[in-house]
Amino acid sequence: MKDFINVIGGGLAGCEAAYQISKRGIKVKLYEMKPIKYSPAHSNSDLAEIVCSNSFKSNLLTNACGLLKEELRMLDSLLIKIADETSVPAGQALAVDREEFSRKVTEYIENLDNVEIIKEEVTEIPDDAITIIATGPLTSDVLFEKISKLVGNNELHFYDAAAPIVEKSSINMNIAFYGDRYSQEKKKEESIEEWKERLKNQEDTSYINLPFTKEEYLKFYNELVNAEVVTLHEFEKREIFEGCMPIEVMAKRGEDTIRFGPLKPVGFDDPRTGKRPYSVVQLRQDNTSGTLYNLVGFQTNLKFGEQKRVLSMIPGLENAEFVKYGVMHRNTYINSPKLLNKEGNLRTNNNIFFAGQITGVEGYVESIASGLFAGINAVKELKQEEKITFPKETVIGALTNYVSSPNEKFQPMNANFGILPPLEEKVKDKKKRYEEMARRSLRKMQNLT
């Protein structure tokens, strides 16, 4: 085995991984195809180019992404340090001068003695050295095919059409009720009291149902069809819409289209009235611990702010905490829970690591965290040392655990408190609960650093 580590991809995850490897005294070959070749969304020849918002989200510790940034500061993240140095006024958020940020990252990496930057498109996955694949959601077509062969064609996803996800604790269960379709219809021989008692004791918690009255539905429908949508890149439009229809597009076909589609009320009775509701939104359990639920059939191109506004009109979601908004865009990512172990490398090949959005983490800070994790463990593998895992009570630990734990309905995920284990003692107030979870996380991190 060679005495260096390959890193494929000079984005946020790849640059952080290269730094973490370099600072541990190991040589790095960092491959970046720009400026020889650009993806459809990139235009800057620098490393760590930011192509969407310039915001790294909140700095508050009561925000999961803010807490993750603090964890990364404690772990000596180069990219978070440079983000702090190139920040611009953004209230309580960390926003950066995107060109200055990329320029400074490039300058720093170029000046590392043991990092060689190779500007060419990688068309074969090296097998002579430990390699981190951090090619992001817009992996080139040639490398996409090689990764497909490496992991299996059915384990690599090319487009991300995902429904919004909410924290279960934020759902109003005075309105919502558990049960699969038909399982909670009132039986003819049951009294109302017997029926309600049966529903109360029902064990099936895989679905939560949110019933509409006609008036509620019509108000929701009107806002849904008139809400603002995201403008997709030209290269995304054709392939995405062939595979999945956004809820707002379906709704525009007619007032009753979604009411006889994903929101059909057939098989449900509203425990508040004992009658069939006008329409029903179903939420499906999204993680094994049952703390997250996704809105069934709600793939959408609505802007995130519009999703919050419109979806909060659904009865029972008026105070919902959205841990992930619906998305429909090109996003190459692997089926990480099946393919990766807890240390970030392939279960079938200890010399291959994945990092960044291709693993199913979403967001700038999350990608940086993934690169840091992969960089550290790639060095551990090279030195034949025991690899690390971070505590699940930390955001970085919860994210890495999320992308490597069994999950039949796996989809990309941002940092959020819903993927962390709950506190030992229940705290009803959300802000206080998040404060306690943040304190717990930082205590765990202090024990590591």
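It should be emphasised that the depicted structure is a prediction, and the values quoted were computed from it without experimental measurement.

Scoring rules and cut-offs
Residues numbered from 1 in each chain as written. Predicted model: local features only at pLDDT ≥ 70, side-chain atom pairs only at ≥ 80, totals over all residues. Heavy atoms only, no water. Helix = DSSP H or I, 4+ residues; strand = E, 2+ residues; numbered from the N terminus. Buried < 20%, exposed > 50% of the residue type's maximum accessible area, 1.4 Å probe, protein only. Phe/Tyr/Trp six-rings, centres within 6.5 Å; stacked < 30°, edge-to-face > 60°. Lys NZ or Arg CZ within 6 Å of the ring centre and 35° of its normal. Salt bridge = Lys/Arg side-chain N within 4 Å of Asp/Glu carboxyl O. Pairing = 2+ DSSP bridges. Contact = heavy atoms within 4.5 Å. Axes fitted to C-alpha atoms, helices over the stretch in contact; angles between N-to-C directions. Left-handed = near helix turned anticlockwise from the far one by under 90°. Nonpolar A, V, L, I, M, F, W, Y, C, P; charged D, E, K, R; others polar. Core = buried A, V, L, I, M, F, W, Y, C linked by side-chain atoms within 4.5 Å.

### Quick notes on the overall build of the protein
Here is step 1: What the protein contains, in helices and strands, is 14 helices and 17 strands.
Here is step 2: Within the protein, buried positions represent 55% of all 449 residues.

### Quick look at unusual backbone geometry
Here is step 1: Note the cis peptide between lysine 34 and proline 35, where omega equals 0 degrees.
Here is step 2: Turning to its location among the elements, proline 35 is positioned in the loop between β2 (27–31) and β3 (55–58).
Here is step 3: Positive phi outside glycine occurs at lysine 57, with the angle close to 70 degrees.
Here is step 4: Tracing the backbone shows lysine 57 in strand β3.

### Concerning the packing of aromatic side chains
Here is step 1: Counted according to the given criterion, the structure contains 14 aromatic pairs.
Here is step 2: Their ring planes at 70 degrees and their centres at 5.5 Å tell us that phenylalanine 56 and phenylalanine 101 sit as a pair that is edge-to-face. Taken as a pair, phenylalanine 56 in strand β3 and phenylalanine 101 in helix α4 (residues 98–110) lie far apart in primary sequence, 45 residues in all.
Here is step 3: For phenylalanine 56, a relative accessible area of 1% corresponds to the buried category.
Here is step 4: Using a relative accessible area of 0% as the deciding quantity, one classes phenylalanine 101 as buried.
Here is step 5: Taken together, a centroid distance of 5.3 Å and an interplanar angle of 50 degrees make the contact between phenylalanine 56 and tyrosine 364 tilted. With phenylalanine 56 in strand β3 and tyrosine 364 in helix α12 (residues 364–382), the pair connects residues that are 308 residues apart, well separated along the chain. Accessibility assignment for this pair places phenylalanine 56 and tyrosine 364 in one class, buried.
Here is step 6: Just above the ring of tyrosine 278 sits the side chain of arginine 259; from NZ or CZ to the centre is 3.9 Å.

### What to know about the pattern of salt bridges
Here is step 1: Here the structure, examined in full by the defined rule, presents 20 salt bridges.
Here is step 2: Arginine 259 is the partner of aspartate 256 in a salt bridge, and the nearest nitrogen-oxygen pair spans 3.2 Å.
Here is step 3: Exposure remark for aspartate 256: the relative accessible area of 30% places this residue in the partly exposed category.
Here is step 4: Given the relative accessible area of 13%, arginine 259 is considered buried.
Here is step 5: For lysine 324, the salt bridge goes to glutamate 362, with nearest N and O atoms at 2.9 Å. In this pair, lysine 324 is assigned in strand β14 (residues 322–324) and glutamate 362 in the loop between β17 (349–354) and α12, connecting sequence segments 38 residues apart. Glutamate 362 matches lysine 324 in its accessibility class, with the two residues each being buried.

### Focus: the sheet that holds strand β4 (residues 87–88)
Within a sheet, adjacent strands bond to each other through the backbone by hydrogen bonds, running parallel or antiparallel.
Here is step 1: Spatially, the 3 strands line up as an open sheet ordered β3-β5-β4, and their pairing is antiparallel. Each edge of the open sheet carries a strand with a single partner, namely β3 and β4.
Here is step 2: Sheet analysis places β3 next to strand β5 (residues 93–96), joined by 2 bridges and oriented antiparallel. Residue pairing in the sheet places serine 58 in a bridge with alanine 93 of β5.
Here is step 3: Against the sheet, helix α2 (residues 64–74) touches β3 and β5, its axis set at about 110 degrees to β3.

### A look at the packing of helix α1 (residues 12–22) against α4
Here is step 1: Between α1 and α4, the shortest axis-to-axis distance is 11 Å and the interhelical angle comes to 30 degrees. Note that α1 runs across α4; the crossing there is left-handed. Between α1 and α4, the residues in contact are Leu12, Cys15 and Tyr19 and Phe101, Val105, Tyr108 and Ile109, respectively.
Here is step 2: Split by residue class, the contact of α1 with α4 holds 7 nonpolar, no polar and no charged.

### Points about the sheet that holds strand β11 (residues 207–212)
Here is step 1: Ordered in space as β10-β11-β12-β13-β9-β14, the 6 strands form an open sheet in which the pairing is antiparallel. With one partner strand each, in any of the chains shown, β10 (177–178) and β14 form the two edges of the open sheet.
Here is step 2: In this sheet, strand β13 (residues 292–295) lies alongside strand β9 (residues 165–167) in antiparallel orientation, the contact comprising 3 bridges. When the bridges of β13 are listed, valine 166 appears paired with tyrosine 293.
Here is step 3: Running at roughly 95 degrees to β11, helix α7 (residues 214–226) makes contact with β11 and β12 (279–285) of the sheet.

### Brief notes about α1
Here is step 1: Extensive coverage of α1 is indicated by the burial of 11 of its 11 residues.
Here is step 2: Buried within α1 we find Leu12, Ala13, Gly14, Cys15, Glu16, Ala17, Ala18, Tyr19, Gln20, Ile21 and Ser22.

### A look at the nonpolar core
Within soluble globular proteins, side chains that are nonpolar generally end up buried alongside one another.
Here is step 1: Grouped together as the largest cluster of nonpolar side chains are 73 residues, with contacts concentrated most on Phe56, Leu68, Leu72, Leu79, Phe101, Ile109 and Ile132.
Here is step 2: Counting residues in each nonpolar core, the second largest holds 31 residues, with Ile258, Val281, Leu283 and Phe322 among its members.

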